[in-house]
Amino acid sequence: MNRLTRRIGDASARRPWVTIGAWVAALALVLPLAGLVGGSFVDDLVAPGSQSEKAMELLEERFPEASGGSAVAVFAVPEGERIDRHRTAVEAAVGRVAEVEHVATVTDPFTAGSVSPDGRIGYVQIDFDVPSMKVRPEQIDALNDAIEPVRGDGVVAELGGDAVFINAETPTSGAEAAGLLSALVILVVAFGTIVAALVPIALALVAVAAGLGSIVLLANATDVSTAAPTIGAMIGLGVGIDYALFIVARCRENRAAGQDNSTALSNAMSSSGAAVLFAGGTVVVAMSALALTGLGFLTSIGLSTSLVVLFAVATALTLLPALVSLLGDRIHKGRRSLRTRRVKKPDSPEKTAWWRFAHRVSGRPWPYLLAGSAVLLALAIPALRMETGFPDAGNDTTSTTHRRAYDLLAEGFGPGFNAPLLLVADLRDPGVDAEGIPELSRRVADDPGIASLGEPRFSAAGDTVVLPVLPTTAPADAATSDTLERVRGIIPDNVAVSGLTAMTDDLTRQLADTLPVFIAAILVVSFLLLMLVFRSVAVPLKAAVMNLLSIGGAYGVVVAVFQWGWLGGLFNLHETLPIVSPLPTIFFAVLFGLSMDYEVFLLSRVREEYDATGDPTESVARGMAVTGRVITSAALIMTVVFLSFVANPSPLVKMMGLGLATAIVLDATIVRMVLVPASMALLGRAAWWLPRPLDRRLPRIAVENVKGVEGVERDDVPPPPEPTPAPTARIS
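Residues numbered from 1 in each chain as written. Predicted model: local features only at pLDDT ≥ 70, side-chain atom pairs only at ≥ 80, totals over all residues. Heavy atoms only, no water.

Asks: In this structure, what is going on with helix α12 (residues 296–327)? I would like to understand it.
Replies: A turn of α-helix holds 3.6 residues, and therefore any two residues three or four places apart point the same way. For α12, which comprises 32 residues, the first-to-last C-alpha distance of 44 Å matches the rise-based estimate of 46 Å (1.5 Å per residue) to within 8%. Of the residues flanking the end of α12, it is G328, one or two places downstream, whose phi is positive at about 60°. (Helix = DSSP H or I, 4+ residues; strand = E, 2+ residues; numbered from the N terminus. Expected span 1.5 Å × (residues − 1).)

Asks: What should I look at first to understand the packing of helix α10 (residues 228–256) against helix α11 (residues 261–288) in this one?
Replies: The geometry of a pair of packed helices is captured by two quantities: the angle between their axes and the separation between those axes. Viewed as axis vectors pointing N to C, α10 and α11 meet at an angle of 155°, and their least axial separation amounts to 8 Å. Judged by the inter-axis angle, α10 sits roughly antiparallel to α11. α10 and α11 meet at a crossing whose hand is right-handed. (Axes fitted to C-alpha atoms, helices over the stretch in contact; angles between N-to-C directions. Parallel < 35°, antiparallel > 145°, perpendicular 65-115°, else oblique. Left-handed = near helix turned anticlockwise from the far one by under 90°.)

Asks: Even after reading the chapter, I still don't get the packing of α11 against helix α21 (residues 583–613), so can you show me in this structure?
Replies: Where α11 meets α21, the closest approach of the two axes is 8 Å, and the angle between their N-to-C directions is 160°. The angle between the axes of α11 and α21 places the two elements in the roughly antiparallel class. Between α11 and α21 lies a crossing of right-handed hand. Seen from α11, the contacting residues are S272, A275, V276, F278, A279, G280, T282, V283, A286 and M287; seen from α21, they are A589, V590, G593, L594, M596, D597, V600 and F601. Among the residues forming the contact of α11 with α21, the class breakdown is 13 nonpolar, four polar and one charged. (Contact = heavy atoms within 4.5 Å. Nonpolar A, V, L, I, M, F, W, Y, C, P; charged D, E, K, R; others polar.)

Asks: Any chance you could explain the sheet that holds strand β4 (residues 156–160) here in plain terms?
Replies: Hydrogen bonds between backbone groups are what pair the strands of a sheet, and the pairing can be parallel or antiparallel. The strand order across the open sheet formed by four strands is β2-β3-β1-β4, and the pairing between neighbours is antiparallel. The sheet terminates laterally at β2 (103–106) and β4, the two strands that pair on one side only. On average, each strand axis in the sheet is inclined to that of its neighbour by 25°, with strand direction left out of account. Two elements, strand β1 (residues 70–76) and β4, share five bridges in a ladder whose sense is antiparallel. Residue pairing for β4: V74 is matched across the bridge by E158. Sitting on the sheet, helix α4 (residues 87–98) is in contact with β1, β2 and β3 (121–128), with an inclination near 155° to β2. Those strands touched by helix α16 (residues 401–413) are β1, β3 and β4, and its axis lies near 105° from that of β4. (Pairing = 2+ DSSP bridges.)

Asks: I keep staring at the side chain of S526 and nothing clicks. Help me out?
Replies: Topologically, S526 is positioned in helix α19 (residues 500–534). The buried category is assigned to S526, whose relative accessible area is 6%. (Buried < 20%, exposed > 50% of the residue type's maximum accessible area, 1.4 Å probe, protein only.)

Asks: In this structure, what is going on with the nonpolar core? I would like to understand it.
Replies: Within soluble globular proteins, side chains that are nonpolar generally end up buried alongside one another. Counting 157 residues, the largest nonpolar core has Y243, F587, F642 and M656 as the members making the most contacts within it. Among the elements that take part in this core, helix α23 (residues 651–683) stands out by supplying 19 residues, more than any other. If we skip the residues at most four places from it in the chain, F642 touches M234, I235, L594, G657, L660, A661 and I664. In this structure, I83, V103, I126 and F128 belong to the second largest nonpolar core, which totals 27 residues. (Core = buried A, V, L, I, M, F, W, Y, C linked by side-chain atoms within 4.5 Å.)

See below:
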């Protein structure tokens, strides 16, 4: 792997303008193409094999006019007035709505009886001839234009319903730019030069631009979740800056050690470049594992994020060496002149606070190990009470029309109006027949969680029946899930429950069922990869356990803030929210991959020092000393980038931002500074033990370097002697 990344970097550095021209051409091709033929984003909320999927497939096959999506246009007047005073304007809006493409039927609120008891709020039921997930944003815009004239008549007019909520375009907060500015400040402090600081930012922007363009093109070939671009941009900015940072920092370190520019860059590409390639591959593997859930929208998020990460790796391995070779000495100039820097040798590791602290921890490993673990376990306690569910329109910001429509409908017709269920009966199968539908309706209506039932609708062939049901509680309310479970318990085998509320409930259950399998798969794959790279059994086990601890702590913080409301005002939360069902799965994949980044960068330097000295404790101290400043800067950058997404209106993105920022802080402080040196001191030489049969059979993939004379790397150095296990390594 070292040789591969060195060759790629050397080739890019020798032909910098060709490399830069290739990237410019790629962006010039991808971005316009995405604008011309790119697809639109849609959330496929169907849980394969679920009852709700069975019901939807039955409707699409036999009763297509009942399988279409729906929306609601809500009209309201101030307290003390009645909506029927504006009947002419509302009915004119109904006529315009009926002319919008794919609108099949529209009701008149005054003839359909869809006016609130106080006469202040009325709604128009809009049915489409395509499913809600296939309604395009242009049609939502056309509906909004159709009701706009009513607003000029002094009437509040809003659009809501499943089709509007699913296809709503969530605005960004603009705080992402502040995150990039903060990252630039951190880089300037770390490097002391604006030129070196701008390079990682520029590369991250190129990677994100190319990645997002590719995601739009991917949406033309398959369904891609509406959350995919935001999550891809979030991860792409973080890893794009970090990957470039690690390589530039290693290049500057080599330069300060007396190597000329080309040698310093080549050696940095061989060492940190190989670590970037492996770390990026780990993130891609973790995100691709989302396909194991069997859910289309999670698979699309995994593939989309993987695309952005691949571009981040590609820019770091090709575009970065091209830019560094063109910049030459300018990338090394900071507050002091290059002439001064040439003669100044890097500080000895023994002079750094990282080295001293690592030895302090190694001297008393058990107290530090127990204290660090206790802190992470305490933070993880709230995660034991995690309640998951899908956000509904009531969780969105009031700046959106579907949230305002949601509030008006709940006010006028009860919270359950926003959580409609659909009972679908297949009369060809044994169970209830046409004559038994009234009795079935009575049994369902007797449930305390049911507010009302609509009139049954029969298909043209008379073999399928649809029965609309309204619960008494809101879509994301846990009581609604309980009601759904009770209703499914009393209906016969040839009846299924569907509707958006039932679909999201089925998704929540499937995610909970597949999460353990998903976690196990990622742990196994990451263990094998780390064992291949570091030729060790203990190191990958340690990494897995510590990553689980940091992830658990981040889960706990998210639950405490969003579900329990702790410090909610600090994050602009006005109400508590259930944890978005896909979050634990997406979060684990993303964070495990990102945590492995720091693990690889730190342990590759530790292994490098161990190969040179054979001292397991000193190698950890020196590895921390030489990587401490860079990894801390990388963690700060990741943290501010992720925190900038906390201002995003989307509950999923907001939770992701806080959770990832928390986990990175825990990983870069407690895990790296305390748990790693403590555990490595306890393991001693056993940390690098690998059974001889495995050592002979496993392929060799190296990301660390072995340095020869005058800092020049060489690949022909024999491996160190076979270590003997030593349970502890104390320093007097």
